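Architecture and fold: a report
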Amino acid sequence: MATVKAVRGTRDLLPPETELWNRIEATARQVFARYNFGEIRTPIFEDTGLFARSVGEETDIVEKEMYTWDDGERFEKSLLISRWSLANRERFGTVEDNSPSGAGPIDLECEDLDGNFELVLFGAKPSKRSVDVLASAVSDKRALLTQLQSDKEVTGRHVFASPVPGVPEETTPEGVLLEAFHGNFFKSSQSLTLRPENTAGVVRAYIEHGLGESGQLQKLYYIGPQFRRERPQKGRYRQFWQIGAEVIGPPSAGSESALRDAEVLEMLATLLDELGIGGWALELNSVGSAADRAGYNDVLRAALVDVAPKMCGDCQRRAVTNPLRVLDCKVPEDQPIIDGLPKIGDSLGDDSKQHFAQVTAALDAAGVPYTLNQRLVRGLDYYTRTTFEFTHGGLGAQNALLGGGRYDGLSEAIGGPKAPGIGFAMGLDRLVLTLQAQEAVVGAAPAAKADAYVAPIGESLNAAALILARDLRRAGLSVELGDGSFRLKKSFEAADKIARRIVILGEDEHQSGILTVKDFTTGTQTKVPRAELAAHLARPAGE
RNA sequence: GCGGCUAUAGUUCAGCGGCAGAACGCCUGACUGUGGCUCAGGAUGUCGUGGGUUCGAUCCCCACUAGCCGCCCCA
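Residues numbered from 1 in each chain as written. Chains lettered and ligands numbered in written order. Predicted model: local features only at pLDDT ≥ 70, side-chain atom pairs only at ≥ 80, totals over all residues. Heavy atoms only, no water.

Within chain A one finds 20 helices and 19 strands. A buried classification covers 47% of the 543 residues belonging to chain A. A separation of at least 24 residues holds for 69% of the contacts in chain A among residues at least 6 apart in sequence. Total accessible area computed for chain A in this model is approximately 26,800 Å², and 52% of it derives from carbon and sulfur atoms. (Helix = DSSP H or I, 4+ residues; strand = E, 2+ residues; numbered from the N terminus. Buried < 20%, exposed > 50% of the residue type's maximum accessible area, 1.4 Å probe, protein only. Contact = heavy atoms within 4.5 Å. Areas by Shrake-Rupley, 256 points an atom, 1.4 Å probe, with all protein chains shown as cover.)

As structure tokens, then:
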């Protein structure tokens, strides 16, 4: 029997690797706290419409990478089928009787009509298969159900016509309506999606809880898994982890100020430094207001008409579908052409230019190094004005550690108040890879060992050992508990691997209350009264 | 979604159309209340899954699945 494995693009994080993850998360929380960010935890799934409207209908994420499902009550469907089958046992008793035009493949449709739900069973043009299907439907409702659920050829054919409730009728040339049911059969049906990113959820929560009403700037961070159905690669998974933060609020709270952009960028520089990421680079750009961006898109599209035929195949396609993406092209031959294209900086309005100048001036003053990259146009629709990316060499094709930008119109796009904001998302999976690579060079610190290993000799002392371990643990020590069924040799072998000292609890020690402690670092063995044991074990190894 | 490479022991990997291998790790003993170092011995396994070719396939062929690298896109 094939064993069940983690599904493609997902993975387990095990010790000791999880220590690194926790260290990163703890560092991030500390840094965020110093900048007065609070944690927000939003649901892992949201209404599909949220992502369609925020991330952008036309983006790859929404078009083909989301995990989306319908949250209707699917069981009701089978009830309806069985009801239909019973009701028509008589009428469709024979194949000939039932098929004025021949009973075709049977299908189900349901649709929301005026708040109620319509469910329709209909047959299409006759075929040998469809006759068989119907025959089994009449004789056995379970067989019909199986057919409907398993046979793609049957269930895949959708021909829908508006029915008269309860009355069979002719429908389209392709199909004959067999029966229609009308009523509130489906209590609810909603399209849900595993979040592909977290900014949309944060802004949704901001709107839903009226956080803008406080008049205060909201500074929120999150840490959690996101989901995109992409082809897995190193540092890219279908369930991936992001740490991100958002600064959002009403304009009166200063949410549009370039100072906020600079503060976020300076915080990120600090965070990466404190994480020990060496050699990061900040790339910075402004895509301007929504209008600036649209204008540039037109200018770029026009400019590409002449030069695109000389470019790579991908670029020729992008020139039509998404001109901004041409700027991302990595084909060497195309680079001179791209350099000759109009720059987005020339399409920025005065407001956008001034805002961006303030951002860079603040970064200069704070000593945060950056490089301007006019080709940096982020893929998500909601970005405006400042966009940025922190990259790191040694990540292969996936060289972006984190990315983000300003999204002044996002709240309004999903039905909220005017609430400009700026935020970022950091790929935790890649951050871990980067740190692991660095530590491999520097030399990873050995895994932390427990303070002590309590080794009872004989199973009769197991309970006493449990109590001893409990007391040491309550004193704040990390303690592993051995098993009295082990021979002492085995206890030593096990203990040496996972603890700094071993505490032997044999009959002698149990009677006298004076325990035998051996320090693995020095190999010295001492007798320690139980009352002094915790203090003794708390000392560094070798002392 | 597309292209290339890969899949053998717990791990890292050799290997060959004819008995399944190494290192490390693991277990046992030398040593019944003392680890590391050493020595002796042992088990490693559906050779990714399913087909095909062949007297015979872990090896050759095909498909599938998964991983890695690149593309697309993105964190």
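Pairing is mixed in the open sheet, where eight strands are placed in the order S1-S8-S9-S14-S13-S12-S10-S11. Pairing within the sheet leaves two strands with one partner each, and these edge strands are strand S1 (38-39) and strand S11 (371-372). In terms of strand pairing, strand S8 (residues 218-227) meets strand S9 (residues 239-248) through 10 bridges, oriented antiparallel. Among the inter-strand pairings, tyrosine 221 is bridged to a residue of S9, identified as alanine 245. (Pairing = 2+ DSSP bridges.)

Counting buried residues along strand S12 (residues 384-392), nine of its nine residues qualify, which places the element largely inside the surrounding structure. Of the pairings in the sheet, the one linking strand S10 (residues 280-286) to S12 comprises seven bridges and is antiparallel in character. Paired with alanine 281 across the two strands is threonine 391, which belongs to S12.

The next point concerns a negative patch on the surface. Together, Glu57, Glu58, Glu63 and Asp381 give the surface a local cluster of negative charge. Residue placement: glutamate 63 occurs in helix H3 (residues 60-64). (Patch = residues over 30% accessible without salt bridge, like charges linked within 9 Å, V, L, I, M, F, W, Y side chains within 5 Å. Salt bridge = Lys/Arg side-chain N within 4 Å of Asp/Glu carboxyl O. Lys, Arg positive; Asp, Glu negative; His and termini not counted. Charge placed at Lys NZ, Arg CZ, Asp CG, Glu CD.)

With that settled, consider the sheet that holds strand S19 (residues 525-529). The strand order S16-S15-S17-S18-S19 describes an open sheet built from five strands, whose pairing is mixed. Two strands bound the open sheet, and with one partner strand each, they are strand S16 (479-481) and S19. With strand direction ignored, the average angle separating the axes of adjacent strands in the sheet is 25°. As judged from the three bridges shared by strand S15 (residues 452-456) and S16, these two strands associate in the parallel manner. Bridging across to S16, tyrosine 453 finds its partner in glutamate 480. (Axes fitted to C-alpha atoms, helices over the stretch in contact; angles between N-to-C directions.)

Per the counting criterion, the structure on display carries 21 salt bridges. The salt bridge involving glutamate 274 is made with arginine 34; its shortest N-O contact spans 2.5 Å. Taken together, the residues glutamate 274 in helix H10 (residues 258-275) and arginine 34 in helix H1 (residues 17-34) connect sequence positions 240 residues apart. The partner of lysine 64 in a salt bridge is aspartate 60, with the nearest N and O atoms 3.5 Å apart. In this pair, lysine 64 and aspartate 60 are both assigned in helix H3, four residues apart and thus about one turn of the helix distant. By relative accessible area, lysine 64 is classed as exposed at 55%. Judged by relative accessible area, which is 40%, aspartate 60 ranks as partly exposed.

Mapped onto the elements of the fold, arginine 293 is located in helix H11 (residues 290-307). Every residue in contact with arginine 293, bar those within four places of it in the chain, is listed here: Val287, Leu324, Arg378, Leu380, Asp381 and Tyr383.

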